[in-house]
Amino acid sequence: MATGIKDKVAVLGMGCTKFGERWESAAEDLIIEAFQEALADAGIEKKEIQAAWFGTHIDEVNVGKSGVPLATTLKLPFIPVTRTENYCATGTEAFRGACYAVAAGVYDICLALGVEKLKDTGYGGLPATAAFGQMQALIGPNATAPGLFAQLATSYFAKYGIDPAAGKKALAHISAKSHANGAMNPKAHLRRPVTEEQIINAPMIAYPLGLFDCCGVSDGAAAAIVTTPEIARSLRKQDPVLVKAIAICVSSGEESLFNTWDGAHLETTCRAGQMAFQEAGIKNPREEISMMEVHDCFSITELTVYEDLQISPRGRAIDDIKDGFFDLKGKIPCQPDGGLKCFGHPIGASGLRMLYEMYNQLLERWPEERKVKNPRMGLTHNLGGIPASNVCSIAIIGR
Amino acid sequence: MDKYIHPELNKKVEFFGGSYLFVEEGRLNYQGKEVFYLLGMAGVESSCCGTGGCAFIKVPGYVLSWKKGWSESGQSISEVERIVAEESQTTIRKILQEKYPGFQQIEFL
Amino acid sequence: MAGIVSFGAYVPRYRLKRMTIFQAMGWINPTTIMLAQGEKAVANSDEDSLTMATAASIDCLDGFDRSLIDGLFFASTTMPYLERQNAGIIAGALNLRDDLRSADFSGALKSGTSALLSALEGVGSKNANQILVGVADCRLGKMGSPQEMIFGDGGAAFLVGNQEVIAEFKGSYSLTCDFVDHYRGSKTIFDRQWEDRWIRDLGFDEFIPKAINGLLKQCNLKLSDFSRVIFQCSYDSERKNLVKRLKLDPEKIQDPMHGSIGETGTAHSPLMLARALEEAKPGDKLLVVSFGSGCDALYFEVTDQISKKKKGMGVQGHLANRADLPSYPKYAVFRGMLPVDIGLRGEADFLTRWSLVWRKRKAVLGLVGSRCQKCGTPQYPPQRVCANPACGAVDEMEDYPFAGKKGRILSYTGDMLAASYDPPELYGYVEFEGGGRFMCNFTDCTLEDLKVGAPVSFSFRKKYYDEKRDIQGYFWKAVPRKEVA
């Protein structure tokens, strides 16, 4: 009888590069940077890593395909390396592969590393690729990521009868609080606080999302080394950070083809949340989650996720936002590191960068002004694809 | 009635790869009321905004009282009445489009 | 008795005032001020002759069983493909049968009436029961030219058959003359013409009367027998001259709509005929004459079936659906006359995979999806596994056409980042009446026209153009429509 992942895997070490326009760095440089930090944090030698999972999404402007680039860059000694790709859940999928291998008892120590080098595209925004397949390229509108997610906002505001100005203000608060957090983070790309007024005054990118409602494109890498709790404790980690849940949920086709999806929430997030909470033994997420890093590629995504994760009641996220519930000093700090808003979204790396933040918060390593009070359970959330057809990943780690 | 904090003109607000700023404040008459608007421009170095930048207009609303207070950071505050009627928005949009060709984005705050 | 069973028309929504053209280009050719009255209809950036003929055909076929159509003729001098049958693409868009006669008629402005004649002869000889004729043109004059002032865009369509005809075909007379008043070689885009006076005096003045008299003699009729005389002539002064010469009753002359649409080339006499049919009474005799490399003169007699014809959008409805195109440079960019910087994002290469296009032709061209026969759920794109989570049946689908359905907006956005010739790029999810949904572009509207819940209908449009390989791709877009009580 399967029993889930709870408490079967410990995070031994993590690393994360500075995210941003890393013009001087190739993907290989970012890989080495993240890996070295993770290795030092884990306190082991490279040769002790028995298997690796390598997450990259866009190989057209990145390292290429397969697990080979990770191995040849780090000179991993002929170990198994698996490339994972699942849109924006790519990084978490790499983590999941490494964790399952350890939990299954097949390996003792595994590496998960995600990297994305996006700034060789030549223009801002994600490069236009046939990421959704050939048929979609033939019949799908000439869309961009901001436009695809902006639709969540028009549907959400209409469904709950929200005055667009009030909606805009709530979205502005989400971004402002993330920017305030990112300003304190030396690894973030964007480190300038922005006021709600500056956000509301900014020009539109895709109605109703403005400049500050959209995360930028950047380069970055992050890595995790995982092992069993027993091995972690034997390596002087007395109270290791343990994996409580990893859930992946993929759209069934129902949202995009059937008649029930309302366009105003993310069905996969709801279900992944339910799976993850059950796996971690969490009955009341609003009370039991200490902090989270959710997929704020667009401020509206973060807003709907508050509700999809059963933290805010349906249609009422704006009230919690106004109350500062998700601010750094609030009940459930969201994006304490600044989120995708300040880090940008190197797709393969983001899931692991989120875990890096939760991990370090749980170990209470940050300076006082960045710390989350009483961290017990940290949740990460990724969403890749389009609101109507996507993959969602949720990981929960805790002590 | 809403309070609108006047942004400092010609002061860049930075975002990834570029910045935006407001260059001009304007007021026009419409049906006996004063419509307050701001002309803004975004300059983008890394071409994330379509063709490298944009010209936009924000319309906070009808002026109820002009620059009667100050914000904490020393910016003027005006009281405005948001313009929500569709017909008014359509007509005012047309007036602004004719007055400022090239300023494609017109948003009623 | 062969004749017209139904008719339709299409006039694009954008109207360009001729004074706007003059203000932009009059400096290089001040004589064009003489032509700068009224406005002309111009195709949107996502329209061309093929899409306009399709739109006119849809207008024509409203209420008709398309499975009865045996043939499709498409006439235009501005077809997107020199080789890849354009009529075949329209047949796909209209979801007509595979066992179809089809042909492209081109090469002259009289091709429209020639196609109509061939269709009438086809059903008349009982070789076919119903033939659809679609006509459209999207011609281009050089910037600052008189042609630019005169040309307009539009289309018309006629369903031709033997049963329940609303206008019986009574006879025709044709002339073929290599009179080169204007021309385009196979490698050029812009129309070139000879001297106006020569065209009027030796062209219209000679051939229109010759064609009319030829028909009158053949059918043993007098000109005064006709209720409406419809003839193509791009010169309004010459039109007046001909009316006098032929001693025509000015009341009977069909308005060429130059001030509201412009000269639509191949589509012009068909468009005028469609307009005449919108007002025609049983017993009316209609005379239609086209002009271009000769003339076709056709004679129709309206029957009392005309009162049964369902009122479509037609010329009148489309004329009323107008939006100003206030910018000449925008028009010039839409027509590819000005090299515009659409950004690096717009340079992304898209390879058209013909094997995929063939496999998915019904879904892409015809907007045909599938409906599960087990649970009745319509779904687009067509599926083999039912998307209803309570069903999941495999391979129990039937074809389900979506193009004629109405829809409602579920979500939308105006995207400033996407590469677009008319930013912001408008798109969103649309739910079909009866079930099914998909994400598509919105067209013929502004961002302000879009609201969640607003009604839309669907229009066949240009989807992409691969400049490197000269491939024009098509698909459907949603058009917001006024809520009808």
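Let me begin by describing the structure that accompanies this report. (Residues numbered from 1 in each chain as written. Chains lettered and ligands numbered in written order. Predicted model: local features only at pLDDT ≥ 70, side-chain atom pairs only at ≥ 80, totals over all residues.)

## A short note on the overall build of chain B
- Secondary structure assignment for chain B yields one helix and seven strands.
- Along chain B, helices and strands appear, N-terminal first, in the series β-β-β-β-β-β-α-β.
- Across the 109 residues that make up chain B, the buried fraction comes to 33%.
- A fraction of 48% describes how many contacts in chain B between residues 6 or more apart in sequence connect residues 24 or more apart. (Helix = DSSP H or I, 4+ residues; strand = E, 2+ residues; numbered from the N terminus. Buried ≥ 20, exposed ≤ 12 C-beta atoms within 10 Å, placed from the backbone. Contact = placed C-beta atoms within 7 Å.)

## Some details on the overall build of chain A
- When you go through chain A residue by residue, the secondary structure sums to 15 helices and 11 strands.
- Computed over its C-alpha atoms, the radius of gyration of chain A comes to 20 Å, within 12% of the 21 Å expected for a compact globule of 399 residues.
- Counting only C-alpha atoms and orienting by the principal axes, one finds that chain A spans roughly 55 × 45 × 45 Å.
- Residue burial in chain A is summarised as follows: out of 399 residues, 65% are buried. (Rg over C-alpha atoms; globule rule 2.2 N^0.38 Å.)

## Notes on the sheet that holds strand 7 (residues 220–227) of chain A
All names here are of chain A.
- Pairing within the open sheet is mixed, and its nine strands lie in the order 3-2-4-7-1-8-11-10-9. Only two strands of the sheet have a single partner each, and these edge strands are strand 3 (81–84) and strand 9 (291–293). Averaged over neighbouring strand pairs, the angle between their axes works out to 25° when direction is ignored.
- In the sheet, strand 2 (residues 51–55) pairs with strand 3 via four bridges, with the strands oriented parallel. Looking at strand 3, one finds that phenylalanine 54 is bridged to arginine 83. (Pairing = 2+ DSSP bridges. Axes fitted to C-alpha atoms, helices over the stretch in contact; angles between N-to-C directions.)

## So, the interface of chain A and chain C
- Opposite the 33 residues of chain A that make contact, chain C presents 40 residues.
- Counting residues per element, the ones that place at least two in the side of chain A that touches chain C are helix 4 (134–139), helix 5 (145–159), strand 5 (204–206) and helix 9 (254–257) of chain A.
- Looking at the side of chain A that touches chain C residue by residue, the class counts come to 18 nonpolar, 14 polar and one charged. (Nonpolar A, V, L, I, M, F, W, Y, C, P; charged D, E, K, R; others polar.)

## Observations regarding the sheet that holds strand 16 (residues 378–379) of chain C
Residues and elements named next belong to chain C.
- Overall, antiparallel pairing links the three strands, which are arranged 16-15-17 in an open sheet. Edge positions in the sheet fall to strand 16 and strand 17 (397–401), since each has one partner strand and no second.
- Here five bridges tie strand 15 (residues 368–372) to strand 17, and the two strands are oriented antiparallel to one another. Counterpart to cysteine 372 in the pairing with strand 17 is methionine 397.

## As for the environment of threonine 301 of chain A
Residues and elements named next belong to chain A.
- Checked against the element boundaries, threonine 301 lands in helix 12 (residues 299–308).
- We classify threonine 301 as buried; it has 24 C-beta atoms within 10 Å.
- Put simply, threonine 301 and histidine 265 are 36 residues apart on the chain and 8.5 Å apart in space, counted from C-alpha to C-alpha.
- Threonine 301 has contacts with Phe149, Leu152, His295, Asp296 and Leu383, leaving out every residue within four places of it along the chain.

## Thoughts on the nonpolar core
All names here are of chain A.
- Counting residues in each nonpolar core, the largest one holds 296 residues, and the members touching the most others are Ala98, Ala112, Leu113, Ala223, Ala224 and Val226.
- Per-element accounting of this core gives the leading share, nine residues, to helix 15 (residues 347–362).
- Discounting residues that sit within four places of it in the chain, alanine 98 has contacts with Trp53, Cys110, Leu111, Ala112, Ala224 and Val226. (Core = buried A, V, L, I, M, F, W, Y, C linked by C-beta atoms within 7 Å.)

## So, unusual backbone geometry
- In this model, tyrosine 207 of chain A is joined to proline 208 of chain A through a cis peptide bond whose omega is 0°.
- Along the chain, proline 208 of chain A falls in the loop between strand 5 and strand 6 (209–210).
- The linkage connecting tyrosine 380 of chain C with the following residue, proline 381 of chain C, adopts the cis geometry, with an omega of 0°.
- Mapped onto the fold, proline 381 of chain C is located in the loop between strand 16 and strand 17.
- With a phi close to 60°, lysine 75 of chain A is a non-glycine residue in the positive phi region.
- Along the polypeptide, lysine 75 of chain A turns up in the loop between helix 2 (68–74) and strand 3.
- Positive phi, close to 55°, is recorded for leucine 367 of chain C, a residue that is not glycine.
- Along the chain, leucine 367 of chain C turns up in the loop between helix 12 (361–366) and strand 15.

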